[in-house]
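Topology and contacts: notes
As a plain string of letters, each chain reads:
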Amino acid sequence: MKKPVALSIADARRIWLNATRLDERAPFGDGPAATLAAIEHLGYVQIDTINVIERAHHHILYSRIPNYRRTDLAHVQSQDKSVFEYWTHALAYLPLRDIGFYLNEMRHHRSEPMRWYADADPNDLKRLLRQIRKDGAISIRDIEDEELVEKDHPWASRKPSKRVLQYGFYSGELAISERNGMVKTYELIDRHFGWPPRPRAATERQIDEHLIERALTAQGLISGPSVMHPRLRFTPEMAKMIESRVRTKKLVPVMVGDDTTVHYVRPETLEQPAFHRPPLVHILSPFDPLIIQRRRLKLFFGYDHVFEAYVPKARRQYGYFTLPVLVGDEVVAAMDLKTDRAAGRMLIQSWHWIGAGNAAEHKAAIEEELGRFERFQLG
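Residues numbered from 1 in each chain as written. Predicted model: local features only at pLDDT ≥ 70, side-chain atom pairs only at ≥ 80, totals over all residues. Heavy atoms only, no water.

1. Considerations on the sheet that holds strand β8 (residues 221-222)
This is how it is decided: For two strands to be treated as a pair, DSSP must find at least two bridges joining them. The secondary structure listing takes helices from DSSP runs of H or I that are at least 4 residues long and strands from runs of E that are at least 2 residues long, numbered from the N terminus.
If you walk across this open sheet you meet the 4 strands as β1-β9-β10-β8, and the pairing is mixed. Each edge of the open sheet carries a strand with a single partner, namely β1 (5-7) and β8. In terms of strand pairing, β1 meets strand β9 (residues 252-256) through 3 bridges, oriented parallel. Note that in β9 the partner of leucine 7 across the bridge is valine 256.

This is the structure in structure tokens:
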């Protein structure tokens, strides 16, 4: 393979920030169309239930859409039906245009269920599908417990368990048609999206090509771990695709700083001139695409993010739900915030300076952004 080109950490940061669209204030515009454009560009937006501040999926979109409204996401999910929920490395919103890359995985889960719903009864799922077909979508609130109920209940002798809903969801029989907060409503996937015909399932080769293209678009420069997160390396088939692209000069191998991991970048990306924009301030979710891959984050930004929500309080360094603060191309602070919705305010639990971050240079700009961030939390 061609000898890698040396790339500075600063240039790697610039490329990644541009790809993840954090180097300009409103790269996607406003409204539901901007929400769809952001999800399509990023490839997925991770969902998480923690809500000491606004939940991760809304937070990630807000970071790229200044006037983002939660109803915009509801619109593209439930009205336009241009996004769907499914598993990437975690549960996430994905663009509907990409659903063909997941249909084989859904089919696989029908015959080999995942462990947390492996004991679901396929006959219960059949009954559930018949009932939804007859009476319409079902909310998770309808099955809050596992208790047996009277035999005249619609589910024959008992309510279907949450495991049955998960089985139907992961096997591609059901779609999450809407969310009210974190309460999900399930609908028959064919009825929700107006099928048949169902889209054609992608081949394994097409899926590998998609993962590479998705990462190149959203990350700018890629490595095995960044494409395959949370796995650490390309599959043999994907490695051959990368080698082919290098031979045909569609990709250039690069070494970032002193790291030994080979990265790959499109030649036109390397040739893009650096734009000198005023530094933006972003208070980022720990599930943001820029933050979630910890090793890559440390290499590019010199910042080692620690997620402490599951760490005993006495052992936490920064706080329960620490948010990295990005100013320009540097992580300069880590803040543990909490939204007190009853009192109508956001609380700063702790504020730690990171790296070159300091009060004289950064505090005023961060405080201004905190005001905007608080308005989003309470809006």
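2. Remarks on the sheet that holds strand β13 (residues 330-340)
Let me state the cut-off plainly: All axes are obtained by fitting lines to C-alpha atoms, using only the stretch in contact for helices, and the reported angles, taken between N-to-C directions, cover 0 to 180 degrees. Working rule for contacts: check all heavy atoms of both residues, and any pair within 4.5 Å makes them a contact.
Strands sit in the order β11-β12-β13-β14 across an open sheet of 4 strands; the sheet is antiparallel. With partners counted over all chains shown, the strands left at the sheet margins are β11 (281-283) and β14 (345-353), one partner each. When the angles between neighbouring strand axes are averaged without regard to direction, this sheet yields 30°. Where β13 and β14 come together, 8 bridges link them in antiparallel fashion. Across the sheet, residue lysine 338 finds its bridge partner in β14, namely leucine 347. Contacts from helix α14 (residues 359-378) reach β11, β12 (322-327), β13 and β14, with the element oriented near 150° to β14.

3. Concerning the pattern of salt bridges
Short version of the rule: Any Lys or Arg side-chain nitrogen found within 4 Å of a carboxyl oxygen on Asp or Glu counts as a salt bridge. Only protein chains enter the calculation, and the probe is 1.4 Å; a residue is then buried if its accessible area is under 20% of its type maximum, exposed if over 50%, and partly exposed in between.
Using the criterion set out here, one finds 20 salt bridges in the structure. Ionic pairing is found between glutamate 54 and arginine 70, a salt bridge with its closest N-O pair at 2.5 Å. Of this pair, glutamate 54 sits in the loop between β2 (45-46) and α3 (56-62) while arginine 70 sits in helix α4 (residues 70-79); the two residues are 16 residues apart in sequence, bridging distant segments of the chain. The exposure class of arginine 70 is partly exposed, given its relative accessible area of 24%. For the salt bridge of lysine 298 with aspartate 304, the shortest nitrogen-to-oxygen distance reads 3.9 Å.

4. Here we look at helix α13 (residues 294-301)
To keep things clear, this is the line we draw: The directions from the helix axis to the C-beta atoms are what the arc is built from.
Listing the buried residues of α13 in full gives Arg296, Leu297, Phe300 and Phe301. The buried residues of α13 occupy one face: seen down the axis, they fall within an arc of 100°.

5. A short note on the side chain of histidine 109
Along the chain, histidine 109 falls in helix α5 (residues 103-111). Take histidine 109: its relative accessible area is 6%, and that puts it in the buried class. Excluding its chain neighbours within four sequence positions, the residues that come into contact with histidine 109 are Tyr86, Met114, Tyr117, Tyr167, Tyr170 and Ser171.

6. Thoughts on the packing of aromatic side chains
Keep this limit in mind: Aromatic pairs are defined between Phe, Tyr and Trp rings, using the six-membered ring for Trp, whenever the two ring centres lie within 6.5 Å; interplanar angles under 30 degrees are classed as stacked, those over 60 as edge-to-face, and all others as tilted. In this scheme, the term charge over a ring applies when either NZ of a lysine or CZ of an arginine sits within 6 Å of the ring centre and within 35 degrees of the ring normal.
Inspection of the entire model under this criterion finds 20 aromatic pairs. Ring centres of phenylalanine 234 and tyrosine 264 lie 6.2 Å apart, and the angle between their planes is 55°; on these two criteria the pair is classed as tilted. Of the two residues, phenylalanine 234 sits in the loop between α10 (224-228) and α11 (236-247) while tyrosine 264 sits in strand β10 (residues 262-265), which places them 30 residues apart along the sequence. On the basis of relative accessibility, which here comes to 16%, the residue phenylalanine 234 falls in the buried class. Counting every residue linked through ring pairs, the aromatic cluster contains Phe84, Tyr86, Trp87, Tyr102, Phe169, Tyr170 and Tyr186. Geometry around phenylalanine 301 places arginine 13 over its ring, the cationic atom sitting 6.0 Å from the centre. Residue placement shows lysine 363 over the ring face of tryptophan 351; its charged tip is 6.0 Å from the ring centre.

7. Focus: the pairing of strand β3 (residues 83-87)
A large share of β3 lies buried, amounting to 4 of its 5 residues. Sheet topology places β3 next to strand β4 (residues 91-95); 5 bridges connect them, and they run antiparallel. Bridge pairing links glutamate 85 to tyrosine 93 in β4.

8. Let's talk about the confidence of the model for the chain
Quick reminder of the rule: Per residue, pLDDT measures the predictor's confidence, with a range of 0 to 100.
Averaged over every residue, the pLDDT of the chain is 92; residues scoring 70 or more account for 95%. In this model, residues 145-158 is a region of pLDDT below 50 whose contacts with residues beyond four sequence positions or in other chains number 23 contacts.

9. Section: the layout of surface pockets
Vacant regions in the atomic arrangement are exposed by a probe of water-molecule size rolled over the atoms. Rules: A pocket, in this scheme, is an open set of points on a 1 Å grid over the protein atoms alone with protein on both sides within 12 Å along at least 5 of 7 lines, while a cavity is a set where a 1.4 Å probe fits but cannot get out; residues line either one if an atom lies within 4 Å of a point. Grid points are joined across faces, edges and corners, and a volume is the space filled by probe spheres set on the points. Three classes are used, and their members are as follows: Ala, Val, Leu, Ile, Met, Phe, Trp, Tyr, Cys and Pro are nonpolar, Asp, Glu, Lys and Arg are charged, and the others, Gly among them, are polar.
Considering only enclosed or pocket space, the largest pocket measures out at about 880 Å³ in volume. As for the largest pocket, its lining consists of 34 residues, of which Thr88, Glu105, Leu211, Arg214 and Arg231 are closest to the centre. A per-element tally of the lining of the largest pocket places helix α9 (residues 204-219) first, with 9 residues. When its residues are assigned to classes, the lining of the largest pocket shows 16 nonpolar, 12 polar and 6 charged. The volume enclosed by the second largest pocket comes to roughly 610 Å³. The wall of the second largest pocket is formed by 27 residues, among which Arg14, Leu17, Asn18, Asp23 and Phe275 lie closest to the centre. Elements with a minimum of two residues in the lining of the second largest pocket: α1 (9-19), α9 and α12 (267-271).

10. Looking at the environment of arginine 191
Inspection of the secondary structure assignment puts arginine 191 in helix α8 (residues 189-193). What makes arginine 191 partly exposed here is its relative accessible area of 36%. In this structure, the C-alpha to C-alpha distance between arginine 191 and leucine 326, residues 135 residues apart in sequence, is 43 Å. Dropping the residues within four chain positions of it, arginine 191 is found in contact with Ile132, Arg133, Gly136 and Ala137.

11. Things to note about the packing of α1 against α9
Put simply, the rule is: Roughly parallel refers to an angle under 35 degrees, roughly antiparallel to one over 145, roughly perpendicular to one between 65 and 115, and oblique to any angle outside these ranges.
Two numbers describe how α1 lies on α9: the axes approach to 6 Å, and their chain directions differ by 105°. Between α1 and α9, the crossing angle belongs to the class labelled roughly perpendicular. Contacts between α1 and α9 pair Ile15, Trp16 and Ala19 from the former with Thr217, Ala218 and Gln219 from the latter. Broken down by class, the residue content of the contact of α1 with α9 amounts to 4 nonpolar, 2 polar and no charged.

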